[in-house]
Amino acid sequence: MQSEDKNFLARLYHAAVAAADPVKVLPGHLPEVPKGRTVVIGAGKGAAQLAAAFEALWPAELSGVVVTRYGYGCATSRIRVMEAAHPVPDEAGLLASEALLQAVQGLGPDDLVVALICGGGSALLPAPPEGLTLQDEADLNRALLASGAPISVMNALRRQVSRIKGGRLAMAAHPARVVSLVVSDVPGDDPAQVASGPTVPDPGSLSEALQLAADWRIDLPPRVANWLRGGGDPAPQPSDPVFARHEVRVIASARLSLEAAAREAEALGVPAVILSDAMEGEARDVGQVHAALAREVALRDRPFVPPVVLLSGGETTVTLRGAGRGGRNTEFLLAFAAASEGLPLAALAADTDGIDGSEANAGAFADGETAARLRARAQPARSYLSRNDAWGAFDALGDLFSPGPTGTNVNDFRAILIRSET
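Because the structure is a prediction, the values reported are computed rather than measured. (Residues numbered from 1 in each chain as written. Predicted model: local features only at pLDDT ≥ 70, side-chain atom pairs only at ≥ 80, totals over all residues. Heavy atoms only, no water.)

Examining the overall build of the protein chain
Turning to step 1, where the next piece is worked out: Per the secondary structure count, the protein chain includes 16 helices and 12 strands.
Turning to step 2, where the next piece is worked out: On C-alpha atoms alone, the protein chain measures out to a radius of gyration of 22 Å, which is about the 22 Å that the 2.2 N^0.38 rule sets for 422 residues.
Turning to step 3, where the next piece is worked out: Projected onto its principal axes, the C-alpha positions of the protein chain cover 70 × 50 × 35 Å.
Turning to step 4, where the next piece is worked out: Of the contacts formed within the protein chain by residues at least 6 apart in sequence, a portion of 79% connects residues at least 24 apart.
Turning to step 5, where the next piece is worked out: Total accessible area on the protein chain is roughly 15600 Å²; 51% of this is exposed by carbon and sulfur atoms.
Turning to step 6, where the next piece is worked out: Charge centroids of the protein chain, computed over 37 positive and 49 negative side chains, lie 2 Å from each other. (Helix = DSSP H or I, 4+ residues; strand = E, 2+ residues; numbered from the N terminus. Rg over C-alpha atoms; globule rule 2.2 N^0.38 Å. Contact = heavy atoms within 4.5 Å. Areas by Shrake-Rupley, 256 points an atom, 1.4 Å probe, with all protein chains shown as cover. Lys, Arg positive; Asp, Glu negative; His and termini not counted. Charge placed at Lys NZ, Arg CZ, Asp CG, Glu CD.)

A look at the side chain of Asp185
Turning to step 1, where the next piece is worked out: With respect to the secondary-structure elements, Asp185 resides in the loop between strand E5 (177-183) and helix H9 (206-215).
Turning to step 2, where the next piece is worked out: If we skip the residues at most four places from it in the chain, Asp185 touches Gly119, Gly120, Val194, Glu315, Asn409, Val410 and Asn411.

Some details on the packing of helix H7 (residues 151-160) against H9
Two quantities define a packed helix pair, namely the angle between the axes and the distance from one axis to the other.
Turning to step 1, where the next piece is worked out: Running from N to C, H7 and H9 cross one another at 135°; their axes reach a closest spacing of 9 Å. With respect to their mutual orientation, H7 and H9 come out oblique. Like other packed secondary-structure pairs, H7 and H9 cross with a definite hand, here left-handed. The segment H7 lies against H9, with Val153, Ala156, Leu157 and Gln160 engaging Leu206, Ala209, Leu212 and Ala213.
Turning to step 2, where the next piece is worked out: Residues belonging to the contact of H7 with H9 are distributed by class as follows: 7 nonpolar, 1 polar and no charged. (Axes fitted to C-alpha atoms, helices over the stretch in contact; angles between N-to-C directions. Parallel < 35°, antiparallel > 145°, perpendicular 65-115°, else oblique. Left-handed = near helix turned anticlockwise from the far one by under 90°. Nonpolar A, V, L, I, M, F, W, Y, C, P; charged D, E, K, R; others polar.)

A word on the nonpolar core
Turning to step 1, where the next piece is worked out: Ile41, Val113, Leu157, Ile218, Leu220 and Leu228 are the most contacted members of the largest nonpolar core, which has 49 residues in total.
Turning to step 2, where the next piece is worked out: Setting aside residues no more than four positions away along its own chain, Ile218 makes contact with Ala143, Leu144, Ser147, Ala149, Val153, Leu157 and Ala213. (Core = buried A, V, L, I, M, F, W, Y, C linked by side-chain atoms within 4.5 Å. Buried < 20%, exposed > 50% of the residue type's maximum accessible area, 1.4 Å probe, protein only.)

Topic: the state of the cysteines
Turning to step 1, where the next piece is worked out: Scanning the model with the defined rule gives 0 disulfides in all.
Turning to step 2, where the next piece is worked out: Unpaired in this structure, Cys74 has its nearest cysteine sulfur neighbour in Cys118, at a distance of 11 Å.
Turning to step 3, where the next piece is worked out: Since its relative accessible area comes to 29%, Cys74 is described here as partly exposed.
Turning to step 4, where the next piece is worked out: Given a relative accessible area of 1%, Cys118 falls into the buried group. (Disulfide = S-S within 2.5 Å.)

Comments concerning the domain arrangement of the protein chain
Accessible area lost when the parts come together is the quantity often used to give the size of an interface.
Turning to step 1, where the next piece is worked out: You can read the domains of the protein chain as domain 1 (3-16 + 255-418) and domain 2 (22-253).
Turning to step 2, where the next piece is worked out: Domain 1 and domain 2 are separated by 30 Å when their C-alpha centres are compared.
Turning to step 3, where the next piece is worked out: With 24 residues of domain 1 at the interface, the matching set in domain 2 holds 26 residues.
Turning to step 4, where the next piece is worked out: Contact between domain 1 and domain 2 buries roughly 1800 Å² in total, counting both sides, with carbon and sulfur atoms accounting for 52%.
Turning to step 5, where the next piece is worked out: Note that Asp353 is salt-bridged to Lys45, the shortest N-O span being 2.5 Å.
Turning to step 6, where the next piece is worked out: Seen at the junction of domain 1 and domain 2, the total is 7 residue pairs in polar contact (both at pLDDT 80 or more).
Turning to step 7, where the next piece is worked out: Of all elements in the fold, only helix H11 (254-267), strand E7 (272-282) and strand E8 (308-317) reach the threshold of two or more residues within the side of domain 1 that touches domain 2.
Turning to step 8, where the next piece is worked out: Per-element tally for the side of domain 1 that touches domain 2: the top contributor is E7, with 4 residues.
Turning to step 9, where the next piece is worked out: Broken down by class, the residue content of the side of domain 1 that touches domain 2 amounts to 8 nonpolar, 11 polar and 5 charged. (Domains from an automatic or database assignment. Buried area = accessible area lost by both parts, 1.4 Å probe. Salt bridge = Lys/Arg side-chain N within 4 Å of Asp/Glu carboxyl O. Polar contact = N/O pair within 3.5 Å; in protein donor to acceptor, adjacent residues only side chain to side chain.)

Put into structure tokens, the structure is as follows:
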């Protein structure tokens, strides 16, 4: 793949990430300093960077604790940063959940709790309810990750099987005022979906969550299924009076980041089109749809005329069929490459947090020759896809994209450059 194409696409990615940089987005969303104490809590892959930016901007005393993924921490002076496992929770996450719950105990109506919430917080905040264990919550996470269900369905279940999600962390802070500053990584930017909403309640019910599990044929762990069917401990509703003084602000999102990437492309002389910031579905299916659109543009000049960059975001899912390596962005891209062979294009698909699934890469690059190059190695793209080993395919070609942790998370980023052949 041509280095100039990689450089161009990487510049768009970094423009998208920069648009969600906490240092840039936080200043316009600081709440008023309260009469009482200020306590900062937070969770997600970018929680440490949010905490560092917040304490640098805050003009008064504060204390607090946030949890992020292993290796994603950064230096802070007043807010404690804890690290835990992602995407499957561990004991460190359990300790972090207890620390956050303890941090908001004993507050009064003049105190302020600032919640810094971003993607990845669901796995980082395990807090199994009475009758279940950390192992049960980890088993639930594994089942959800393997199911291919959209993030909204996963989080509907996570919110019910928790002592901290679904608004329960905010309830624990009552009667203090809670202001949630949310970096959205979910399609539609519903703040109750981000990190399963520890400080933002959702109107969904336990019975609805069970129905979603049945509709999506999610193989719930037996102990979790029995606990849910026995009535569980339903998450609070948004109408509960304890949330009356709370405020929620979405401070960064896929939409804003895609708009920044579009401006960068146009500054580099290539028109850009944003297809959607909320695409969902099976990663390989979404890849094929993008390939069909790219083919129409490349061969028939419709609905857009090349040269053009097609941008999209959202959160796809992967139904595990094999034991390969890779995340949803590499799986999307491999399916895209297989269906767009021979076209004059180059593409990048990557997670804006810098990590795609459980691997160290954010995503990968592909072009119209990717499928042919794999076939020349006697390993066709479809063979890699059959075992969910998109990472292996792009690693073999030297086309993995590995910028490292970015300190933010506004979901998937996809850019397809379609060149003019004239």
